[in-house]
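Results of the structural survey
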Amino acid sequence: MKVKAVLLLITMMLQGSIAAETITVKGSDTMVILAQRWAELYMSKHPEVTIQVTGGGSGTGISALINGTTDICNSSRPMKQSEREKLKQRFNSLGVEIKSAKDGLAVYVHESNPVKELTLAQIKAIYTGKITNWKQLGGPEAKIILYSRENNSGTYVYFKDNVLGGDDYAAATQSMPGTAAVVNAVAKDKFGVGYGGAAYGKGIKFVKIKRDDSSPGYEPTPENVKSGDYPISRFLFLYTRSRPTGALKAYIDWILSDEGQQVVSKVGYFPIR
Amino acid sequence: MRTASLAFCLLLVSTGLSAQETASRDTALAKLAERIEELQGQLDGLNESYLESKTTVDGLKKIKITGYIQSQFQTADGDGIASFAGGNFPAGVHSRFQLRRGRVKVNYDNDITQYVLQIDVTQNGVGIKDAYASIKEPWLKTFSFTGGIFDRPFGFEISYSSSSRETPERSRLFQTLFPGERELGAKLEITPPEGSPLSIFNVKFGVLNGVLNTANENDNYKDLLGRAGFQLPFTEQNLAIDGGVSVYSGKVRSNSRASYSINTGTKNYAVDSAVTNLGGYFDRSYLGADVQVYYDLPVLGGLSLRGEFISGKQPGTSASGQFYNPGTTVTPIYNRNFAGWYINCVQNIGLQHQFVLKYDEYDPNTDVEGADVGVAGKSLNATDVKYSTLGIGWIYHWDANVKLVLYYDMVSNEKVNASATTASLLPFKEDLKDNVLTVRMQYKF
């Protein structure tokens, strides 16, 4: 009898925590359009489920996961050890990481910019302030205007860790509130350079990226990203606090299904399988 | 001819009209261009203003102000009991409201340098908890140096924040060995950055006054302590195993010739009155090991098991086995071998609930048993009695800021010898009525 009462209590508590099949999703701005498309399609097929999607950046999403204010965190970078520590402290869990899509991180320049290729070392030198003029890269005599994301962005962190090798961005770098804003800025600035998800590349030109001086340059096309030839590609993650159950699990399973992965392709990212 | 004239007239009129239209269009375009230029100017102005504000905001973002308040009601089994659940109850009192902690922490983090000041405001006044500056070397980003008042780098429970800890208080073991948790000194930390294969290891090493953070240094010996730790995350399995070993090596000055230690044969204190004891130093040495296991149980949620064991030598006084700072007091030193441990289990249920079970033991004098205390002719007293505490609790996280805690400490003590006649030992013939129920509300920001 006592065991039954305890089980009933636990069931009630769990039901309370998964309130009436409403799923909140928060995090990466890079993933916000993808997450909205997933949510719209899923809700049209499962009207009993409500999915609320907001952006704010990967860091914001991870904070929300730690604070208990979102069920799923979208993140365009892996969770940091320090963030896992916070999850451990509050939820005794490391969080569950789910790879949901793949993205090529593109480097954008203005359409009129004659520079067509850059090596990873050159990109690092540009963003750390060691190369400051397009002339040093075979372009016009003009100062390079740097556009980046804000530091709560997973794209910002990924670029810093994987392209800049952990070095700091140049002080002159202008932070923009989203990838679309970076694209907009570069589209209007003849001497601008920016980076962001390949799915956002409209009104600008992708630079071909070379691993080093002797290797060929690649554009962030689906083929190049899938084959691994494109040097700056990353996974787009979903994070949950604990192993997903119920409506949350059904939704994540659907995202990973063929139907969910077709949405990935339509939005301009690359399916994980 | 008439037709040709008419056609010519029409051409003239239409040309005139067309010229008029073109002029009007040009004017409109000029106005539009002017307006765009004006708007561009405004946009540039706004952009400039945004960049200026951003610089200010970026500067302010380096300052973090956090804090929490723990307000609680407690009721004990008996009046005026000695307690480790928030301090002793006043004589004749078995229930009380307390502002257990009222912390405000200011942190200025400049990436490689850090300033931290934390104060504690309670009904007893204002006290300093942390006051330190840290520098991290910018090359390897692995070594950092800290100076000031900070958590003693020993074991796990000291550095586990009171705002996050699931039990209302630290175990008796830590409250006895490390009262106040902090000390004044310098600390070196080695924490390899993420991505490094060595990032699973960390080392903390401190040199401290060894007199508690509320006193000034009174000798030239410094206490050395440190912890070598590891963190093994198995993310695929949602399992983490962390742990470490800690060492404390310090000295306590004796202001008296008399120094007492246990004679293990007679199980009683034996006095050493050598002249060299006056102004001499006695070892304060601890050795500890801690382990924490975290596992996400399917359906239920995160589970943690944490345990810690410390043993060593603690110089104290006849009346106290606590961390001792002699200052200028002329009191004989009592050297005791001690041991203590705890195990703590926390199960998360859903988003808002946590259940806690904790058991701890502290034996301030491992060379004697409870039955030795109170025997005629022996100078052992209540300070040599072993305690164990079983705690059970429920935590409800109201929201991201507020949590409510219901916790019950069931404290058991060793029974002293039935023949004991000393008045202070008589209550120890039975288990003391010193269980405590705590109801706490915490607000954290």
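Residues numbered from 1 in each chain as written. Chains lettered and ligands numbered in written order. Predicted model: local features only at pLDDT ≥ 70, side-chain atom pairs only at ≥ 80, totals over all residues. Heavy atoms only, no water.

So, about the overall build of chain B. The helix and strand inventory of chain B stands at 2 helices and 18 strands. Taking 22 Å as the expected radius of gyration for a compact globule of 445 residues, we find that chain B reaches 34 Å, considerably beyond that expectation. Taking the principal axes of its C-alpha atoms as reference, chain B extends roughly 150 × 45 × 45 Å. Relative to its full complement of 445 residues, chain B shows a buried share of 43%. Of the contacts made within chain B by residues no fewer than 6 positions apart, 61% connect residues no fewer than 24 positions apart. In the structure as shown, chain B presents an accessible area of about 22,200 Å², 63% of it carried by carbon and sulfur atoms. Considering chain B, the positive charge centre built from 42 side chains and the negative charge centre built from 47 side chains are found 2 Å apart. (Helix = DSSP H or I, 4+ residues; strand = E, 2+ residues; numbered from the N terminus. Rg over C-alpha atoms; globule rule 2.2 N^0.38 Å. Buried < 20%, exposed > 50% of the residue type's maximum accessible area, 1.4 Å probe, protein only. Contact = heavy atoms within 4.5 Å. Areas by Shrake-Rupley, 256 points an atom, 1.4 Å probe, with all protein chains shown as cover. Lys, Arg positive; Asp, Glu negative; His and termini not counted. Charge placed at Lys NZ, Arg CZ, Asp CG, Glu CD.)

Turning our attention to the interface of chain B and chain A. Counting from both sides, the interface comprises 42 residues of chain B and, opposite them, 29 residues of chain A. Between chain B and chain A lies a buried interface of about 2,800 Å² when both sides are counted; carbon and sulfur atoms form 49% of it. Interface area lost by chain B to chain A is led by Glu-194, Asn-238 and Leu-351 of chain B, which between them contribute 21%. The tally of links between chain B and chain A comes to 2 salt bridges. Two residues, Asp-296 of chain B and Arg-243 of chain A, come together in a salt bridge whose shortest N-O distance is 3.8 Å. Counting the contacts that link chain B with chain A gives 18 residue pairs in polar contact (both at pLDDT 80 or more). Examining the composition of the side of chain B that touches chain A, we find that 5 residues originate from one element, strand 13 (residues 301-316) of chain B, more than from any other. Taken together, the residues that form the side of chain B that touches chain A break down as 18 nonpolar, 15 polar and 9 charged. (Buried area = accessible area lost by both parts, 1.4 Å probe. Salt bridge = Lys/Arg side-chain N within 4 Å of Asp/Glu carboxyl O. Polar contact = N/O pair within 3.5 Å; in protein donor to acceptor, adjacent residues only side chain to side chain. Nonpolar A, V, L, I, M, F, W, Y, C, P; charged D, E, K, R; others polar.)

This part is about the domain arrangement of chain B. Domain annotation for chain B reports domain 1 (17-61) and domain 2 (66-99 + 190-444). A straight line from the C-alpha centre of domain 1 of chain B to that of domain 2 of chain B covers 69 Å. (Domains from an automatic or database assignment.)

Our next topic: the sheet that holds strand 11 (residues 217-218) of chain A. Residue and element names in this part refer to chain A. The strand order across the open sheet built from 3 strands is 5-10-11, with neighbouring strands paired in mixed fashion. Looking at strand neighbours, the two that pair on one side only are strand 5 (117-119) and strand 11, the edges of this open sheet. In the sheet, strand 5 pairs with strand 10 (residues 208-210) via 3 bridges, with the strands oriented parallel. Bridge assignment links Leu-118 to a residue of strand 10, and that residue is Ile-209. Across the sheet, helix 5 (residues 120-127) is in contact with strand 5 and strand 10; its angle to strand 5 comes to roughly 85 degrees. (Pairing = 2+ DSSP bridges. Axes fitted to C-alpha atoms, helices over the stretch in contact; angles between N-to-C directions.)

Residues and elements named next belong to chain A. For the pair helix 2 (residues 32-45) and helix 10 (residues 258-267), the least separation of the axes is 10 Å and the interaxial angle reads 140 degrees. The pairing of helix 2 with helix 10 is recorded here as oblique in orientation. By crossing handedness, the relation of helix 2 to helix 10 is classed as right-handed. Residues Ile-33, Leu-34, Arg-37, Trp-38, Leu-41 and Lys-45 of helix 2 touch helix 10, and the partners they reach there are Glu-259, Gly-260, Val-263, Val-264 and Val-267. Each residue belonging to the contact of helix 2 with helix 10 can be placed in one class, and the counts come to 7 nonpolar, 1 polar and 3 charged. (Parallel < 35°, antiparallel > 145°, perpendicular 65-115°, else oblique. Left-handed = near helix turned anticlockwise from the far one by under 90°.)

Residue and element names in this part refer to chain B. Look at Glu-181: it is not a glycine, yet its phi comes out positive at around 65 degrees. Take Glu-181: its relative accessible area is 10%, and that puts it in the buried class. Positive phi, normally seen in glycine, also occurs at Lys-267, with a value near 55 degrees. Structurally, the position occupied by Lys-267 is in the loop between strand 10 (259-263) and strand 11 (268-272). Of the residues examined, Lys-267 reaches a relative accessible area of 27% and is grouped as partly exposed.

The subject of this paragraph is the nonpolar core. Residue and element names in this part refer to chain A. Among the nonpolar cores identified, the biggest contains 42 residues, and Ile-123, Ile-126, Tyr-127, Phe-159 and Val-193 are the most heavily contacted of them. Taken together, the elements giving at least two residues each to this core come down to strand 4 (96-109), helix 5, strand 6 (145-149), helix 6 (154-162), helix 7 (179-188) and strand 8 (192-197). Apart from the residues within four sequence positions on either side, Phe-159 is in contact with Leu-105, Ile-123, Tyr-127, Leu-164, Tyr-169 and Tyr-195. (Core = buried A, V, L, I, M, F, W, Y, C linked by side-chain atoms within 4.5 Å.)

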